Amino acid sequence: MYNPASRQAEEFINHEEILASIQYAQENKNNRKLIEGLLEKAEDLKGLSHREALVLLECEEPDLADRMFQLAREIKRKFYGNRIVMFAPLYLSNYCVNGCIYCPYHLKNRHIARKKLTQEEIRREVIALQDMGHKRLALETGEDPVNNPIEYVLDSIRTIYEIHHKNGAIRRVNVNIAATTVENYQRLKEAGIGTYILFQETYHKENYEKLHPAGPKHDYAWHTEAMDRAMEGGIDDVGIGVLFGLNHYRYDFTGLLMHAEHLESVFGVGPHTISVPRIRNADDINASAFEDAVSDELFARIVAVIRIAVPYTGMIISTRESKATREKVLELGVSQISGGSRTSVGGYAEEEPEDENSAQFDVSDTRTLDQVVNWLLELGMIPSFCTACYREGRTGDRFMKLVKSGQIANCCQPNALMTLKEYLMDYASEDTRKKGEALIAREMKRIASDRIRERTKQNLKEIEHGTRDFRF
Ligand code: SF4
Ligand code: SF4
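Q: Please explain the site of ligand 1 as it appears in this structure.
A: Neighbouring residues of ligand 1: Cys96, Asn98, Cys100, Cys103, Tyr105, His106, Gly142, Lys217 and Gln360. Counting atoms within 2 Å of the grid points, the majority share of ligand 1 lands in the largest cavity. Classifying every residue of the shell around ligand 1 by side-chain character gives 4 nonpolar, 4 polar and 1 charged.

Structure follows, in structure tokens:
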């Protein structure tokens, strides 16, 4: 039976409830009165239930769909302004005992080169990332208790935080590792991780089991209940996501929002972020073999409705997506993007030989971080390297309270400008620097508080003179 507050995967992600929601949305996709009511409700920024959101996603009335896109843009502007937080993935190891059929790191792939970074190699990767200008990483590693035990992940996190090359520093390490025990989540928390990220891939149990035929990940309940264990272990910022294309989008879209509702109802705080990856080609993976591919148009709709349904949750897209797609979804709701990413183990310090594809997925957006920053500036957006909340202890419900009160904008805007200034001083090309300085001058005016604007001005000057790491 459906129960969002249950701790059992099949009760909070309930198959019958998802099917009933899909049917309800199909029956109401032209119901103008209902859809207008939902849009009005969403304008109050209180979000929508999974069922209501699915009706919006399916809406076939063009004028109402336009209103929906407009509302997503407004919500994005209101909560996130024109700031986009930058991050990069760091792959530690591609040893994996699982059998995920959409990932080239699956156990049976014998022709991919297996690699696990030593702490010295991690140092080199992190220096390369710091020299690009990154401050925020997402650690990625396959599941392998022998090659990648939790101790290895913890050592790697320590190594990453310790490195300070020139003015560089990684100030927030988010971690994307396999579902684990409450005790291991506690250890990750103690190691100072930011967000714990785990993608569900698909919420459809039967398909999930087929897509994950081997290894611990085959266990649907273990995987689906992982965020509950992470929160029990004290990690209060968790990031969820599905891999669109593995299963029918309606099902996974609904499951994703039910998962958010579940976390909110049990722990009083929903997910910190939602990621929206789409399946991509890779070494022995042909994305076109998956029948449930999501078109660019539908993808934009999914992003817009997620923005409306969970206005306070950050949304992430990676370099899987092309420049054109990224541009479209940035204004609709995405608040974090990766830049200059390498999706293979050791790919930052050393370029991978062209004939050797050991990346987890093909990257569509192959631009350097400086090119991505330059492009965002041209779009009038503020590339932000801010990591302040986690370092100030603003996580979980403390963070959500600030976001819901709108007060967070008083921190985000100056922090974005100060971290952008650091980037311009330390890493940017001449052209990016000029565009960035002009943007900072314009955007300073948008800091509402006189006191904060004045302090930001002082801090910007001090950054010019070599001081780093100011934050509100
Ligand atoms: Fe392993 Fe993750 Fe790839 Fe699955 S998706 S094979 S768990 S690395
Ligand atoms: Fe994110 Fe907090 Fe920085 Fe705003 S102030 S960008 S919410 S880390």
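The structure having been displayed, the exposition proceeds.
Q: Is there a simple way to explain the site of ligand 2 in this structure?
A: As a structural note, the neighbourhood of ligand 2 is formed by Arg136, Cys386, Ala388, Cys389, Arg394, Phe399, Ile408, Cys411, Cys412 and Asn415. Placement of ligand 2 is best described as lying within the second largest cavity. Taken together, the elements giving at least two residues each to the shell around ligand 2 come down to helix H16 (388–391) and helix H18 (409–426). The dominant element in the shell around ligand 2, judged by the number of residues it contributes, is H18, at 3 residues.

Q: Please explain the domain arrangement of the protein as it appears in this structure.
A: Accessible area lost during the coming together of the parts is what is often quoted as the interface size. For the protein, the assigned domains read domain 1 (9–76), domain 2 (80–366) and domain 3 (395–464). One C-alpha centre belongs to domain 2, the other to domain 3, and the line joining them spans 27 Å. Facing the 17 residues of domain 2 at the interface are 18 residues of domain 3. In total, about 1,500 Å² of surface goes out of reach between domain 2 and domain 3, with carbon and sulfur atoms giving 51% of it. For domain 2, the biggest contributors to the area lost against domain 3 are Asn82, Arg83 and Tyr312; these three give 39% of the whole. Viewed at the interface, domain 3 and domain 2 are joined by 3 salt bridges. With its nearest N and O atoms 3.1 Å apart, the salt bridge here joins glutamate 422 to arginine 171.

Rules of the game
Residues numbered from 1 in each chain as written. Chains lettered and ligands numbered in written order. Predicted model: local features only at pLDDT ≥ 70, side-chain atom pairs only at ≥ 80, totals over all residues. Heavy atoms only, no water. Near = heavy atom within 4 Å. 1 Å grid on protein atoms, 1.4 Å probe; cavity = no way out; pocket = protein on both sides within 12 Å on 5 of 7 lines; lining within 4 Å. Sits in = over half its atoms within 2 Å of the grid points. Nonpolar A, V, L, I, M, F, W, Y, C, P; charged D, E, K, R; others polar. Helix = DSSP H or I, 4+ residues; strand = E, 2+ residues; numbered from the N terminus. Domains from an automatic or database assignment. Contact = heavy atoms within 4.5 Å. Buried area = accessible area lost by both parts, 1.4 Å probe. Salt bridge = Lys/Arg side-chain N within 4 Å of Asp/Glu carboxyl O.

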